Amino acid sequence: MNTGVRITAYAAALAVTFGVAYGVGTATDPVVAEKPPPAQHEKEHGAGGEAGAEEADRSADAATAKLPAGGLQISDGGYSLALEKSAIKAGARTELKFSIKDEHDRNLTSYEREHEKELHFIVASRDLTVFRHLHPERAADGVWSIPVELPEAGDYRVFADFTPGGAAEGSGVEGGAAEEGGAHGEGGHAAAATNLTLGADLAVSGPYEPSALPPVRATAEVDGYQVALDGALTPGKASDVKLTVSKDGKPVTNLQPYLGAYGHLVALRAGDLAYLHVHPDGRSGATVSFGAKAPSDGAYRLFFDFRHDGKVRTAAFTVRAGGH
């Protein structure tokens, strides 16, 4: 590209990007793009097939397509993400602190635990080349903190994926809104156990040279492991995505649980960093399956976290929703 540009502490925000898990490994390429919300007559393949059920499915699809994508708002459902620092320096280890504020500007201190954590924190560069999936510590006063060291200067986006506490037992989000990366139902009452994903901009100063979005590929390599992607994202509709892990040409059939699952998948839409955090539908041998719903057409970056031999690694893919 051109000569490096110096980004200062208050650099302007760029377009959207994805991330790579912090402290766990290096992400590799593949991204799948999707297309805008589904057209008039999209059908769900449900069991049954009665006209009434099909009509209900179509209505549900249409409603989902209209929902805002996760991570695009700093405030939602009566809660706001408050970063103590909006700018840090590239290559320098920095304590990043933040809090979730309620509608009365008080720090939230009660959370539902999801996948063994109260909150999942994602940091991604807007060119989708740097990604960190972090798990900060929360103090008694509701302030979260995590040390970060981001290698490249540029504009970044941070995401807080959480469910406020206070919901009745058994109303959890596992398999529901949480699997859709914060795409929650209409109304968004703060008192309900609705999964939320809030986003905020973070400027990282230093010499900057933007990178192009990695090309679309169906395989990725990280630390000697090969990961194959099977499936495609369909805008506004649930899609099956399968990821198969192998090493030295042999399938890795003894993947280890990580945060209560055999894999985690984060999808970020290029351009605005719309966010989806999905968890597996199941595992068969070396293959982990996910059900994901893309909010629109476009290019996406997928980040797949898996654990083997005691270490978490991240394989990254570029994809295009709808296969175009």
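About the cut-offs
Residues numbered from 1 in each chain as written. Predicted model: local features only at pLDDT ≥ 70, side-chain atom pairs only at ≥ 80, totals over all residues. Heavy atoms only, no water. Pairing = 2+ DSSP bridges. Helix = DSSP H or I, 4+ residues; strand = E, 2+ residues; numbered from the N terminus. Buried < 20%, exposed > 50% of the residue type's maximum accessible area, 1.4 Å probe, protein only. Phe/Tyr/Trp six-rings, centres within 6.5 Å; stacked < 30°, edge-to-face > 60°. pLDDT = per-residue confidence, 0-100. Contact = heavy atoms within 4.5 Å.

1. Overview of the pairing of strand β15 (residues 238–247)
For a regular strand, the rule is simple: side chains alternate between the two faces of the sheet. Both strand β14 (residues 225–230) and β15 contribute to a ladder of six bridges, which runs antiparallel. In the sheet register, V227 faces β15, and the bridge partner there is V245. Bridge count for β15 against strand β20 (residues 287–293) is seven bridges, and the pairing is antiparallel. Paired with A238 across the bridge in β20 is K293. With two bridges connecting them, β15 and strand β16 (residues 250–251) associate as antiparallel partners.

2. Concerning the pairing of strand β18 (residues 275–278)
Here β18 shows a buried face lined by Y275 and H277 and a second buried face lined by L276 and V278. Here strand β17 (residues 264–269) runs beside β18; their pairing, made up of four bridges, is antiparallel. Paired with V266 across the strands is H277, a residue of β18. Where β17 hands over to β18, the hairpin turn is made up of five residues, of which G271 adopts a positive phi near 110°.

3. Some details on the environment of R132
Inspection of the secondary structure puts R132 in strand β8 (residues 131–134). Sequence separation of R132 and T314 is 182 residues, and the distance between their C-alpha atoms is 9.4 Å.

4. Observations regarding the packing of aromatic side chains
On inspection of all chains with the given rule, the structure shows ten aromatic pairs. Geometrically, the ring pair formed by F98 and W144 is stacked, given 6.3 Å between the ring centres and 10° between the ring planes. Within this pair, whereas F98 is found in strand β6 (residues 94–101), its partner W144 is found in strand β10 (residues 143–148), the two being separated by 46 residues in sequence. On the basis of relative accessibility, which here comes to 1%, the residue F98 falls in the buried class. Taken together, a centroid distance of 5.7 Å and an interplanar angle of 65° make the contact between Y225 and F306 edge-to-face.

5. Topic: the sheet that holds strand β4 (residues 79–83)
Paired through backbone hydrogen bonds, the strands of a sheet run either parallel or antiparallel to each other. In spatial order, the strands read β3-β4-β6-β10-β9; together these five strands make up an open sheet with antiparallel pairing. This sheet does not close on itself; its edge strands, each paired only once, are β3 (75–76) and β9 (137–138). Across two bridges, the pairing between β9 and β10 is antiparallel. Looking at the pairing, E137 lines up with S145 of β10.

6. Focus: the confidence of the model for the chain
Overall, the prediction assigns the chain a mean pLDDT of 77, with 70% of residues at 70 or greater. Per-residue pLDDT stays below 50 along residues 1–67; that stretch engages in 217 contacts with residues further than four places along the chain or on separate chains. Counting interchain partners and residues more than four positions distant, the pLDDT-below-50 stretch residues 167–191 has 46 contacts.

7. Points about the environment of S205
When you line up the elements, S205 lands in strand β12 (residues 196–208). S205 gets classed as buried once you look at its relative accessible area, which sits at 15%. With 118 residues separating them along the chain, S205 and A87 place their C-alpha atoms 7.3 Å apart.

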